[in-house]
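Inside the fold
Below are the chains, spelled out letter by letter.
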Amino acid sequence: TQPHLMSEILSDYCATGVPRGQDIYEISRYCYNPNYMRPRDRFDAMKQMMCGVMECSILYGWKNLTFVQHTAISSHCLACGWDMRPLGLPREDHGLIYAAFQVNVTLEGLQAVRKNAGNLQPVLKIIPGISRVTAA
């Protein structure tokens, strides 16, 4: 409900307006360690992040995630199990094609992402007595 990257800078990627609500969270700034040079390492890191994002979303009651990303990554997101839909038409920016998407967050979606990432255990660690979630 507060200003964020998609609402303030990337809103023109959304054909019918930027989705907003108490149960919608914008995640356009997620990224992996740039030291991962091999494509396989980057893909594995992305799968772990997708699991963590889904776990965090369910933990906090977020029903939808929104983001803008390079469209080449979209097939990986779909292959990992994200239930996502475009929020507008893709467009070029500095020679790359980007688009806005929304992910529907469900327990079934989390199970699919975990299965496709090869995770039998949660990615996030919840430490007793600590009020925040940390990455494993």
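In what follows, the structure referred to is the one given above.
Values in this document were obtained by computation on a predicted structure and should not be read as measured data. (Residues numbered from 1 in each chain as written. Predicted model: local features only at pLDDT ≥ 70, side-chain atom pairs only at ≥ 80, totals over all residues. Heavy atoms only, no water.)

Scanning the model with the defined rule gives 5 salt bridges in all. One salt bridge connects R38 with D41, and the closest N-O pair in it is separated by 2.8 Å. Here R40 makes a salt bridge to D44, at a shortest N to O gap of 3.1 Å. Taken as a pair, R40 and D44 lie in helix α2 (residues 39–60) at a separation of 4 residues, close to a single helical turn. (Salt bridge = Lys/Arg side-chain N within 4 Å of Asp/Glu carboxyl O. Helix = DSSP H or I, 4+ residues; strand = E, 2+ residues; numbered from the N terminus.)

The subject of this paragraph is α2. Given a rise of 1.5 Å per residue, 22 residues ought to cover 32 Å, and the 31 Å separating the end C-alpha atoms of α2 matches this to within 8%. What α2 keeps buried is the set F43, A45, M46, K47, M50, C51, G52, V53, M54, E55, C56 and S57. Packing partners of the buried residues in α2 comprise β2 (64–70), α3 (74–80), β5 (96–104), α4 (107–117) and β6 (124–126). Once α2 ends, the next one or two residues include G61, with phi positive near 80°. (Expected span 1.5 Å × (residues − 1). Buried < 20%, exposed > 50% of the residue type's maximum accessible area, 1.4 Å probe, protein only. Contact = heavy atoms within 4.5 Å.)

This part is about α4. Among the residues making up α4, those that are buried are G109, L110, V113 and A117. Projected down its long axis, α4 shows its buried positions confined to an angular sector of 100°, all on one face. Exposed side chains of α4 directed beyond 90 degrees from the buried face belong to L107, E108, Q111 and K115. The inward-facing, buried residues of α4 contact α2 and α3. One or two positions beyond α4, positive phi appears at G118, with a value near 75°. (Arc of directions from axis to C-beta.)

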